[in-house]
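Breakdown of the fold
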Amino acid sequence: MIFHQALRRELSFTTGGVFLVLVTIMVTTLVIRILGFAANGAVNPKDALVLIALATLGYMAVLLTVSLFVAVLIVLVRWYKDSEMIVWFASGLSIASLIRPILRFATPLIIIIALLALFVWPWANRESTLISQRFQQRSDVSMVAAGQFRESAKAERVFFIEELDVDKSEVKNIFAAETKNGRLSVAVASTGFIESAESDGKSIVLNNGRRYEGVPTQPDFRILEFAEYSTHIQSKSVLDPAPRDREKTVSELWNDSNVDTINPNRAELLWRIGLPLMALGLVLIAIPLAYVNPRLGNYTAMFYAVLIYLIYSNLLNLTQNFVSQGKVNVFVAAWPIHALAFGIAFLLIRNRINPSLKWWRRQLPSFLANR
């Protein structure tokens, strides 16, 4: 009981520490990427914090999987290095006795990983897409900013407003250039205002200005003075884009996965279900993988851990791509990777129980005889 309490306590602290480090790295990366999108005009700078939070929430399942795997390795490696496992073995317990307390600690986290992968991941992706699409589908009037040249949605009109009073809808020193039917029309005015048009959209009304119309190299170029000139600003209808497979709920993926054999929805569903299974497989592999000779005290297990995680996750992604392309049936691809991981964990644990390989020597002759 003392060992179990110490194991749970160290696993909790280590998992929390590793998770905080991974979240910090993730948030730093997302800040750089999303601020770059905001600087390029792809997203609204005001939505940057929301997009960062949604992206972090979406990848929370992966971060928890890695944190749980690394935490089990770190704790057990330290126990081997500090000879605490010698006390464990001297008490008549084997490495198999670690499976139950570690799984008892990992099971709630694996359930959380499953919930995050099945429900939070598509919701976060969907909300991020909606925020980005609504900003890109904004109307021309929302793009008007004081002191900046702004191009209309269809690249037919360019606006420049030196001063803008949003509360009074008043503008000063307006420049509006429009190309229509191959002719250039430029209107300038010192004052104006924004009003709602009778049809859909809004209009900028220029007061006491001048308009230049025509082709500069042609003789029919005209210069007109006006008391009032109105130019229409298009107002786009905001349309919610069709959800991608990574943005669909579990019910949508399940209902759409029966349409045809080549269906990305099946691949997405396979990945979401496979993530908690991968977390379980990594935890079981980490138990025998953490073995360290106390006299050497090296951390080569961490190198193998990184290698195993990369191979496991890449195989899962590769299987997802094969199912999406119709190369592999989803029911065939659902179990081999996880069965292999559980089999490797069983063999490693069995080998740690019999490090002299006597178990293999007993089983190999009978296996060959049966063949």
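Shown above is the structure to which this text applies.
Below is a short write-up of the structure. Everything numeric here is computed off the predicted structure, so don't read it as measured data.

On to the layout of surface pockets. Leftover empty space is mapped by rolling, across the atoms, a probe with the size of a water molecule. Taken as a whole, the largest pocket encloses approximately 480 Å³ of empty space. Lining the largest pocket are 20 residues, and of these Arg33, Phe37, Ala55, Ser128 and Ser132 sit closest to its centre. Listing elements by their share of the lining of the largest pocket, those giving two or more residues are α1 (2-39), α2 (48-58) and α5 (99-136). Tallying contributions element by element places α5 first for the lining of the largest pocket, with eight residues.

This next bit is on the pattern of salt bridges. Once the charged atoms of two side chains with opposite charge are near each other, the side chains can pair. Per the counting criterion, the structure on display carries six salt bridges. Here arginine 126 ties to glutamate 247 by a salt bridge, and the two come within 3.3 Å at their closest N and O atoms. Here arginine 126 is found in helix α5, whereas its partner glutamate 247 is found in the loop between β6 (222-233) and α7 (250-256), with 121 residues between them in sequence. Assessed through its relative accessible area of 18%, arginine 126 is described here as buried. When the shortest N-O distance is used, the salt bridge between glutamate 268 and arginine 272 registers 3.0 Å. Of this pair, glutamate 268 and arginine 272 both sit in helix α8 (residues 264-289), four residues apart, which is roughly one turn of that helix. Each member of the pair, glutamate 268 as well as arginine 272, carries the same accessibility label: buried. Among the charged side chains, a network of salt bridges with common partners joins Arg211, Glu213 and Arg222.

Scoring rules and cut-offs
- Residues numbered from 1 in each chain as written.
- Predicted model: local features only at pLDDT ≥ 70, side-chain atom pairs only at ≥ 80, totals over all residues.
- Heavy atoms only, no water.
- 1 Å grid on protein atoms, 1.4 Å probe; cavity = no way out; pocket = protein on both sides within 12 Å on 5 of 7 lines; lining within 4 Å.
- Points joined across faces, edges and corners; volume = space filled by probe spheres on them.
- Helix = DSSP H or I, 4+ residues; strand = E, 2+ residues; numbered from the N terminus.
- Salt bridge = Lys/Arg side-chain N within 4 Å of Asp/Glu carboxyl O.
- Buried < 20%, exposed > 50% of the residue type's maximum accessible area, 1.4 Å probe, protein only.

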